[in-house]
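Given next are the chains, with one letter for each unit.
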Amino acid sequence: MPLLHVENMTHYFGGLRAVHNYNLAVEPGQVRGLIGPNGAGKTTIFNLITGIYRPTEGSITLDGEPIVGLQPHEIASRGLGRTFQDLRLWRHMTVLEHVKMARYSTIGYGLVGAFFGTSRRHREEEAIERKALELMRMMRVDDVAEQRVTNLPYGAQRRVEMARALAMNPKILFLDEPTVGMTPGELNEMMDIIKQVRDDLGLAIFLIEHRLKMVMELCEVIQTLVFGEVIAEGSPEEIQNNPDVIEAYLGKDTVET
Ligand SMILES: Nc1ncnc2c1ncn2[C@@H]1O[C@H](COP(=O)(O)OP(=O)(O)O)[C@@H](O)[C@H]1O
Ligand SMILES: [Mg+2]
């Protein structure tokens, strides 16, 4: 059974059909890519699966359980982590606070523990701190742990966002254009980090990306979306050589490679 399974998902914004008959099956540990021109419906697909919007039609299961109609935080706590195309960080919190906060949301102390500081609570605090440090090292933001995120360069802010998503222990991580707006140096660093997440954490990744080189290098299976419909699905080689994809997408001079 796939970890994440989307069947016949369609979504309308008023009269606009943004997504039509979309299907997806992600296996545990698989790295998937979603490409397509601006406005194709990629972010909408993320928002539908993560519970921001409710699909007009279709079913979605995570680990075999239906998730349509659940709140975004409920879907997140069932193992779906995400980052946003536009960064969503809290201005006044430090890097460490961001990552710890996300981690807290995954555990429950119970009221007694919270009031009286039981030893279980102390053990959990320590574990949270350790895990946060481990993730910050992996995302290469451990050296700025005590800084407010708004003081960091853009590339580092994106890596904090990723550390925060990973702190919730997802089974699958959704990344929406993780390198958009980055300098070439930041971009290479992000590539390395995504590879490391893929190889060391073994979780599934679903990546929206505009830069083809990056999807081709990272993903096992890629879907190409045009006007809300998947026009091709396959390995990087298959996608690169598909005439429909070349016509609809690769031929466009707006695409960065
Ligand atoms: N909340 C919304 N309300 C109305 N239309 C929307 C909304 N979000 C996205 N759209 C429209 O849906 C289409 C797909 O958008 P989007 O999913 O953001 O594309 P992509 O991420 O592929 O660039 C676009 O035509 C966009 O204008
Ligand atoms: Mg988008």
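Residues numbered from 1 in each chain as written. Chains lettered and ligands numbered in written order. Predicted model: local features only at pLDDT ≥ 70, side-chain atom pairs only at ≥ 80, totals over all residues.

This paragraph deals with the packing of helix α3 (residues 95–104) against helix α5 (residues 119–138). Direction vectors running N to C along α3 and α5 enclose 125°, while the axes themselves pass 9 Å from each other. In this view, α3 runs oblique relative to α5, as classed from their interaxial angle. Considering how the two elements wind past one another, α3 and α5 form a crossing that is right-handed. Across the interface between the two elements, V95, L96, V99, K100, R103 and Y104 of α3 pack against I128, K131, A132, L135 and M136 of α5. Classifying every residue of the contact of α3 with α5 by side-chain character gives eight nonpolar, no polar and three charged. (Axes fitted to C-alpha atoms, helices over the stretch in contact; angles between N-to-C directions. Helix = DSSP H or I, 4+ residues; strand = E, 2+ residues; numbered from the N terminus. Parallel < 35°, antiparallel > 145°, perpendicular 65-115°, else oblique. Left-handed = near helix turned anticlockwise from the far one by under 90°. Contact = placed C-beta atoms within 7 Å. Nonpolar A, V, L, I, M, F, W, Y, C, P; charged D, E, K, R; others polar.)

With that settled, consider the site of ligand 1. Neighbouring ligand 1 are the residues F13, L16, A18, G36, N38, G39, A40, G41, K42, T43 and T44. Those elements that provide at least two residues to the shell around ligand 1 are β2 (16–26) and α1 (42–49). Grouping the constituent residues of the shell around ligand 1 by class yields four nonpolar, six polar and one charged. (Near = placed C-beta within 6 Å.)

What follows concerns α3. Here α3 lies mainly inside the structure; seven of its ten residues are buried. Burial in α3 covers these residues: V95, L96, H98, V99, K100, A102 and R103. Tucked into the core, α3 has its buried residues touching α5 and α6 (154–167). (Buried ≥ 20, exposed ≤ 12 C-beta atoms within 10 Å, placed from the backbone.)

What the domain assignment reports for the chain is domain 1 (1–25 + 52–80) and domain 2 (87–171). Taken together, the five residues of domain 1 in the interface contact four residues of domain 2. Split by residue class, the side of domain 1 that touches domain 2 holds three nonpolar, two polar and no charged. (Domains from an automatic or database assignment.)

Counting residues in each nonpolar core, the largest one holds 63 residues, and the members touching the most others are V99, A163, I172 and L207. Take this core: its biggest share by element is seven residues, from α6. Taken together, domain 1 (1–25 + 52–80) and domain 2 (87–171) each give at least three residues to this core, which thus spans both. Those residues in contact with L207 that lie beyond four places of it in its chain are R32, G33, L34, L175, V215, L218 and C219. (Core = buried A, V, L, I, M, F, W, Y, C linked by C-beta atoms within 7 Å.)

What follows covers the sheet that holds strand β5 (residues 65–66). Strands sit in the order β2-β1-β4-β5 across an open sheet of four strands; the sheet is antiparallel. The two strands at the open ends of the sheet, each matched to only one other strand, are β2 and β5. Relative to β5, strand β4 (residues 57–62) is paired through two bridges, and the arrangement is antiparallel. Bridge assignment links L62 to a residue of β5, and that residue is E65. Seen against the sheet, α1 touches β1 (4–13), β2 and β4 and runs at an angle of roughly 65° to β2. (Pairing = 2+ DSSP bridges.)

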